[in-house]
Each structure stands twice: as structure tokens, then as C-alpha cells.
Amino acid sequence: MMKSRRLFVLACLPILLPACGNDSPLPLVGTLERDRIELVADAQEPITQIAVHEGDTVKAGQLILQLDDSRGRAQLQQATAAREQAQSRIQGAQATLLQAQNDFNRIRLLVKHGTRTPSDLDAARAALDNARASLHSALAGLSAAQASVDDLTITLQRLSVRAPRDAVVDSLPYHLGESPPVHGVVAVLLDNNAAYARIYVPEILRNRIHPGMQATVHLDGIAHGYPASIRFISSDAAFTPYYALTERDRGRLSYLAKVYLDGPDTGKLPIGAPVTIDLPALRH
């Protein structure tokens, strides 16, 4: 009786083994994502204009919102006036230097003819050195004034918060009239050009997947798949223990990967939607 039961089990093994082999980690699953772009306030000023709404598609350079720039404009006006004064000082210093140079040349010639004393020439040389120093100081003052104007101009421009690239407005945390803190996030955009699937690759497939590998991304409710390619796969597991792993434990590790979708019709796909990723190269 025992012998016949053992023979029955052995006879069933060819049937059971193929069935166990169908437990494949393919296809991989994940979610559709886009890069988040957080725009921050460079100054604590009230919001005077919100030019878009959540869900709007915006182009690179398009105004998102405007912070109050009245204080910045006043500071820029003062810096511009200081720069003009520095420029006028340079003109006066240049005229003084020219006069001092002419006086020095004239007195040096008179000293040669014996009509002026060497002490007069020393005084003329000192005046010439002072004129040169005054011009250098005026030039340095103009450079500092110009730097102040440039800095304030950039600061004023940054009060107009604009989209750095084509994107979709995901969130506008503040309302009209509110004053966000410095470096506070005033808008969150989603990159409109680079949709990708975030997946976790099981350890058994890690060594067979590499950047550049072609893939197909499928979304529920859409009949056709989207061509894609793997651009990133992490070198570190999502969970890395400090001790040696058995074969069973290694099978529980997974590695983050990003599969970028190709084609112009991916811009309106919903973020967070579940996706299935097929890798044809792994099925051969």
C-alpha cells in the first residue's frame, strides 16, 4: 500500500512542476507618476494676483501668481538713483584726473626750465595720485551700485512666480491676499512632458533589467498599450538588512525603477493610476 502511494506521487510530479513554474513575477505593476515642481516665495509679500487655477495646463514662462512688488520697486528706484550718482562722480573724477595730469606735465616742464621748484613738482605729483585714487574709488562705487541694481532687479522678477516648464497646476496652497513665508511653497506643478511608471522590481528579475530596456505600459480601461523604456533602476533594495540573506529572504527584496512613457498622447493620463508593465525581452 505504501509503495503504490509513493508511485502515485512520483507520477504526478511532471504535472505539478509546470504548474508551479507559472508563478511568474511578470507582468510588473506600479502607478503612473509625474515629476513634481514646487515653486516657492522668495519674499514674504502678499499675493496680489493668481493667474491660473488648479488643473490648468501652463506653458514655460507663464505667470502662476504675483507677489506684491511695491516695496521691491521702491528699493530698485533708490538703487537706480544711487547708480546715477555714482556715474556722475566718475565724470567729475575723470575731469579732475585730466586736470591734475595736465598740471603735473606743465610743472615738470617748468622745473626743467628752472622757473618752478622741485617741491612744486612733488605737490603736483601728489595731486595726480589723489585724482587717480578718487577715480578708482568712484569706479568701485559704480560697480557696487550696479551690483545692487542687478540683485534688486532679479529679486523683483522673482516676485512674479512663473512656470519653469510646460506643466499642469496641481496645487495652489495660498489664496489672494495671503502672505506666504519666505521659501514657502506657493504652487505645485506636475511636469506635463515626462509621465513615468514607478514600479518595484523583485530581486529575481533585478539582474535581467537595465536602463534602456523597452517596455509596454497598460492602463485599465485603455485598449492599447503605451511604448516605454526603463531609464532608472535603483542599485539598492527598498529594504536592505544588515545580515546575510537566505535565498528565501532575497526573494522578498525589491528595487525601485522608473519606466518612462513615449509618445505625445501621454500628457493627459491620470496621475496615480495603476499600471501594468510588460517587458517583452524577459519573455523569451
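Residues numbered from 1 in each chain as written. Predicted model: local features only at pLDDT ≥ 70, side-chain atom pairs only at ≥ 80, totals over all residues. Heavy atoms only, no water.

Student: With reference to specific residues and values, describe the overall build of the protein chain.
Tutor: On a plain count of helices and strands, the protein chain comes out with five helices and 11 strands. Considering the protein chain as a whole, with its 284 residues, one finds that 33% of them fall into the buried category. Put simply, 78% of the contacts in the protein chain that link residues at least 6 apart link residues at least 24 apart. In the structure as shown, the protein chain presents an accessible area of about 17,500 Å², 54% of it carried by carbon and sulfur atoms. (Helix = DSSP H or I, 4+ residues; strand = E, 2+ residues; numbered from the N terminus. Buried < 20%, exposed > 50% of the residue type's maximum accessible area, 1.4 Å probe, protein only. Contact = heavy atoms within 4.5 Å. Areas by Shrake-Rupley, 256 points an atom, 1.4 Å probe, with all protein chains shown as cover.)

Student: Explain the sheet that holds strand β5 (residues 160–162) residue by residue, including any values.
Tutor: If you walk across this open sheet you meet the three strands as β2-β4-β5, and the pairing is antiparallel. Pairing within the sheet leaves two strands with one partner each, and these edge strands are β2 (47–50) and β5. Strand-to-strand, the axes of this sheet are offset by a mean angle of 20°, without reference to chain direction. Pairing geometry for strand β4 (residues 63–67) and β5, over three bridges, is antiparallel. In the sheet register, Leu-63 faces β5, and the bridge partner there is Arg-162. (Pairing = 2+ DSSP bridges. Axes fitted to C-alpha atoms, helices over the stretch in contact; angles between N-to-C directions.)

Student: Let's hear about the environment of His-136: which residues, and what values?
Tutor: Relative to the assigned elements, His-136 resides in helix α3 (residues 118–158). We classify His-136 as exposed; its relative accessible area is 54%. As for His-136 and Gln-94, which are separated by 42 residues in sequence, their C-alpha atoms are 9.8 Å apart.

Student: Explain helix α2 (residues 70–112) to me, and be specific about the residues and the numbers.
Tutor: The terminal C-alpha atoms of α2, which comprises 43 residues, lie 63 Å apart, in line with the 63 Å expected from a rise of 1.5 Å per residue. The complete set of buried residues in α2 reads Gly-72, Leu-76, Ala-79, Ala-86, Ile-90, Ala-93, Leu-97, Ala-100, Phe-104 and Ile-107. The secondary structure elements touched by the buried residues of α2 are α3. A positive backbone phi angle near 80° is found at Gly-114, which sits one or two residues after α2. (Expected span 1.5 Å × (residues − 1).)

Student: Tell me about the confidence of the model for the protein chain, and name the residues and values.
Tutor: Looking at the protein chain as a whole, the pLDDT averages 85, with 86% of positions reaching at least 70. Long-range and interchain partners of residues 1–22, a stretch whose pLDDT sits below 50, account for one contact in this model, where long-range means more than four residues apart. (pLDDT = per-residue confidence, 0-100.)

Student: For the packing of α2 against α3, give the residues involved together with the corresponding values.
Tutor: Between α2 and α3, whose axes approach to 7 Å, the crossing angle comes to 165°. The orientation of α2 with respect to α3, classified from their angle, is roughly antiparallel. Note that α2 runs across α3; the crossing there is left-handed. Residues belonging to the contact of α2 with α3 are distributed by class as follows: 24 nonpolar, 12 polar and seven charged. (Parallel < 35°, antiparallel > 145°, perpendicular 65-115°, else oblique. Left-handed = near helix turned anticlockwise from the far one by under 90°. Nonpolar A, V, L, I, M, F, W, Y, C, P; charged D, E, K, R; others polar.)

Student: Would you mind going over the environment of Ala-86 in detail, with residue names and values included?
Tutor: Summarising the element assignment, Ala-86 is placed in helix α2. For the pair Ala-86 and Ala-140, spaced 54 residues apart in sequence, the C-alpha to C-alpha distance is 9.1 Å. For Ala-86, the contacting residues outside a window of four places in its chain are Gly-141, Leu-142 and Ala-145.

Student: Please give an account of the pairing of strand β11 (residues 274–278) that cites residues and values.
Tutor: The two faces of β11 differ: Val-275 and Ile-277 on one face are buried, but Pro-274, Thr-276 and Asp-278 on the other face are not. With four bridges joining them, strand β8 (residues 214–219) and β11 adopt antiparallel strand pairing. Counted as the bridge partner of Leu-219 is Val-275 from β11.

Student: Mind laying out the packing of aromatic side chains, listing which residues take part and the relevant values?
Tutor: Per the stated rule, a full pass over the model turns up one aromatic pair. Just above the ring of Tyr-255 sits the side chain of Arg-206; from NZ or CZ to the centre is 5.6 Å. (Phe/Tyr/Trp six-rings, centres within 6.5 Å; stacked < 30°, edge-to-face > 60°. Lys NZ or Arg CZ within 6 Å of the ring centre and 35° of its normal.)

Student: Tell me about the pairing of strand β9 (residues 226–233), residues and numbers included.
Tutor: The pairing of β8 with β9 spans four bridges and is antiparallel. Within β9, the position partnered with Ala-215 by the bridge is Ala-228. Connecting the antiparallel pair β8 and β9 is a turn made up of six residues, with Gly-221 showing a positive phi of about 85°. Here β9 pairs with strand β10 (residues 254–261) via five bridges, running antiparallel. Opposite Ile-230, over in β10, you have Val-259 as the bridge partner.

Student: Account for the environment of Pro-118, naming residues and giving values.
Tutor: Positionally, Pro-118 belongs in helix α3. Since its relative accessible area comes to 55%, Pro-118 is described here as exposed. The sequence separation of Pro-118 and Ile-107 amounts to 11 residues, and the corresponding C-alpha distance is 9.0 Å.

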